[in-house]
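Observations on chain architecture
As a plain string of letters, each chain reads:
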Amino acid sequence: MPHGVLLLNECIKRNSIQFDMTLTRLVFLCVVLRQIDAQITSKLGCPVCDMDVKTIYNGSIKGNQKIYACEMAGHINKLIEEPNTYLKEPKPHKISEDEIYKNATQFTCPVCGAKYKELSYSISWGEQGDQKIFACSLEHAQQIKNNPTNYISTGKPLPPSSFDPFCNAGTSDTPQGFVMFDGFQTAFGKDALCAMLLFQPFVLTSELKYALAFIGVVLLAMSLEVLELYRDRTQRYLFTKYGRTINQGVYLSIDTPSSAQKSSKMRSLGNGADNIKIIRKLPLWCKGIAAALYMVAITVAYFLMLIVMMYESLFFIAVIIGLGLGFALFKDTQSDVMSGSIDPCCST
């Protein structure tokens, strides 16, 4: 093989090795940065309400810094669009001594780009949440405080998308929705944020999805009464078919070692049948069936509770309609005692 070809092959091999090493370093750096971000955000709260933050709801700040918010609708918008409402006066505070941000070595000064070790002033985002912006000097920190929009990304983080006019689902390929709104409101309209119904794939971005979700919530609420009725009948059947009936006398004969004490307790019961307490026990497998039915019912009840806590006006109405229809159609109002509870979060 010609010498030139050998040299070319050797050069390609070396470049390939260097490329692989560079790629490995980049991947490692990304993993480290993600771990640092996870460590930071796990200790932070939303400056608006102090709830736990979600990393997908963030605003970029120059100097590789960020502001995070919770998943409550509108909170990240408030922080980005109205930062002066929340930012406090700068204070001397070295980032290397901060319990939360001390490992954020990728941070630089938003004004001049000074490195991590030079960040000695902080601007707190309000009284809660423990989030801060770091700068290298009081002068630069004051510049950020006086003109925060020059350093924080402006505009709505979830602008209305062109293909989803029903509600504001963001511009990313994956529609963004919220599981909790800031007070009762509807999740449709030109400026309304989309609702996420319990699970991430269920972002209601169209009239059809919203209508199906409304009907589904009504049926889910109705099913709570159906489950209660079925559970009550199943328990009655299990007691009748498989329950073991024992009386208080049997318990006394088992629990009392002394025959004198046993005779005394037995005499205290009297001779009449009315004085005998009948106790019925279920086998373990029957208890398992009853427990499974209870878990299904309580799961539905908690789903309804979470839907109410969305503060989406029409879904709240859907829950009330469903509970009312379930009561009217399935509740046994002719019985001496009506079982169950009207409280959907703890119905038994």
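Residues numbered from 1 in each chain as written. Predicted model: local features only at pLDDT ≥ 70, side-chain atom pairs only at ≥ 80, totals over all residues. Heavy atoms only, no water.

Worth spelling out the cut-off: UniProt positions are given in the numbering used here, feature names are shortened, and annotations may be inferred rather than shown by experiment.
Taking an unreviewed UniProt entry as the reference, the protein is identified by name as Copper transport protein belonging to Albugo laibachii Nc14. One UniProt comment on the protein, placed under Sequence similarities (unreviewed entry), says "Belongs to the copper transporter (Ctr) (TC 1.A.56) family. SLC31A subfamily." Per UniProt, the comment on the protein under Subcellular location (unreviewed entry) is "Membrane".

**Quick word on the UniProt feature "transmembrane region" (unreviewed entry) in the protein**
Selection rule: Numbering of helices and strands runs from the N terminus, with a helix taken as a DSSP run of H or I at least four residues long and a strand as a DSSP run of E at least two residues long.
Under the present numbering, the feature "transmembrane region" (unreviewed entry) in UniProt falls on residues 210-230, 284-307 and 313-330. A helix fraction of 100% and a strand fraction of 0% characterise residues 284-307, whose end C-alpha atoms lie 35 Å from each other.

**Some remarks on the pairing of strand β1 (residues 54-61)**
What counts is decided by this rule: If DSSP finds at least two bridges between two strands, the strands pair.
Two strands pair when backbone bridges link them, and β1 and strand β2 (residues 65-69) are joined in this way by 5 bridges, in the antiparallel orientation. Paired with K54 across the bridge in β2 is A69. Here β1 folds back onto β2 in antiparallel fashion, the turn holding 3 residues, of which G63 has a positive phi close to 90 degrees.

**Remarks on a nonpolar patch on the surface**
What counts is decided by this rule: Nonpolar side chains (Val, Leu, Ile, Met, Phe, Trp, Tyr) are joined into patches within 5 Å and like charges within 9 Å, using only residues with over 30% relative accessible area and no salt bridge. Accessibility throughout is a Shrake-Rupley quantity obtained with a 1.4 Å probe, and a residue counts as covered only by protein chains that appear here. Salt bridges are defined by distance alone: a side-chain nitrogen of Lys or Arg within 4 Å of a carboxyl oxygen of Asp or Glu.
Residues F184, V226, L306, M309, Y311, F316, I317, I320, I321, L325, L329 and F330 make up a contiguous nonpolar surface patch of about 1000 Å² in total accessible area. Among the elements that line the nonpolar patch, the one with the most residues is helix α8 (residues 313-330), at 7 residues. Mapped onto the elements, Y311 comes out in the loop between α7 (284-308) and α8.

**Examining α8**
Owing to its 3.6 residues per turn, the α-helix aligns residues three or four sequence positions apart on the same side. Quick note on the threshold: To estimate how far a helix should extend, the number of its residues minus one is multiplied by 1.5 Å. Think of it in three bands: residues with accessible area under 20% of the maximum for their type are buried, residues over 50% are exposed, and the middle band is partly exposed, with areas taken using a 1.4 Å probe on protein chains only. Of all possible arcs, the one meant is that of the directions from the helix axis to the C-beta atoms. Throughout, a residue-residue contact means that at least one pair of heavy atoms, one from each residue, lies within 4.5 Å. Residues adjacent in sequence count toward polar contacts only when both atoms are side-chain atoms; beyond that, a polar contact is any pair of N or O atoms within 3.5 Å, and within protein one must be able to donate a hydrogen and the other to accept it.
Counted at 1.5 Å a residue, the expected span for α8 with its 18 residues is 26 Å, and the 26 Å between its end C-alpha atoms agrees. All of the buried residues in α8 are F315, A318, V319, G322 and G326. All buried residues of α8 fall inside an arc of 100 degrees around its axis, so they share one side. Those residues of α8 that are buried are in contact with α4 (207-242) and α7. Its side-chain oxygen at 3.0 Å from the backbone nitrogen of L314, E312 defines the N-terminal cap of α8.

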